[in-house]
Amino acid sequence: MAVDRGRLKLKASGPTKFLDSGATPAVSSNGSKDGVVWAVSSKNWNEPAGKPAVLYAYDAADVGHQIYSTEQNSQRDRAGIALRFAIPSVVNGKVYVGAKGEVDVYGLLPLH
């Protein structure tokens, strides 16, 4: 958001629409470069239980550019059952996502 003549004005937006409870982002970087905005699609208010959470990553310099989603390769990366108000945590190069009865951990894949 930016302030323009005393009013908030949308400065940038990404391709994903988060419904109901929205998403609280977390931001990570490698020092002053490689910024990433992380967000989790959580359970919506009137939605039946059982939907998996989805972790999204966006380029922090251009949030319109999605760089990752756990649904890109769902066989490998799919998260557990979504909770409301899940906030990704980033520690030591890994992203942690709370899900029903578990914590899912994401990081760089090993090079072969």
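Residues numbered from 1 in each chain as written. Predicted model: local features only at pLDDT ≥ 70, side-chain atom pairs only at ≥ 80, totals over all residues. Heavy atoms only, no water.

Chemist: Got a sec to walk through the sheet that holds strand 3 (residues 26-30)? Specific residues and values, please.
Modeler: One open sheet holds the 4 strands; their spatial order is 3-4-5-6, and the pairing between them is antiparallel. The open sheet is flanked by strand 3 and strand 6 (62-69), the only strands paired with a single partner. Direction aside, the axes of adjacent strands within the sheet are offset by 35° on average. Pairing analysis gives 6 bridges linking strand 4 (residues 33-41) to strand 5 (residues 54-59), with the strands arranged antiparallel. Counted as the bridge partner of W38 is A57 from strand 5. (Pairing = 2+ DSSP bridges. Helix = DSSP H or I, 4+ residues; strand = E, 2+ residues; numbered from the N terminus. Axes fitted to C-alpha atoms, helices over the stretch in contact; angles between N-to-C directions.)

Chemist: Please provide a residue-by-residue account of the pattern of salt bridges, values included.
Modeler: Where charged atoms from two side chains of opposite charge approach closely, those side chains can pair. Throughout the structure, instances matching the rule amount to 2 salt bridges. As a salt-bridge pair, E71 and R78 come within 2.5 Å of each other at their nearest N and O atoms. The partly exposed category is assigned to E71, whose relative accessible area is 30%. D77 is the salt-bridge partner of R76, the closest N and O atoms lying 2.7 Å from each other. On the basis of relative accessibility, which here comes to 8%, the residue D77 falls in the buried class. (Salt bridge = Lys/Arg side-chain N within 4 Å of Asp/Glu carboxyl O. Buried < 20%, exposed > 50% of the residue type's maximum accessible area, 1.4 Å probe, protein only.)

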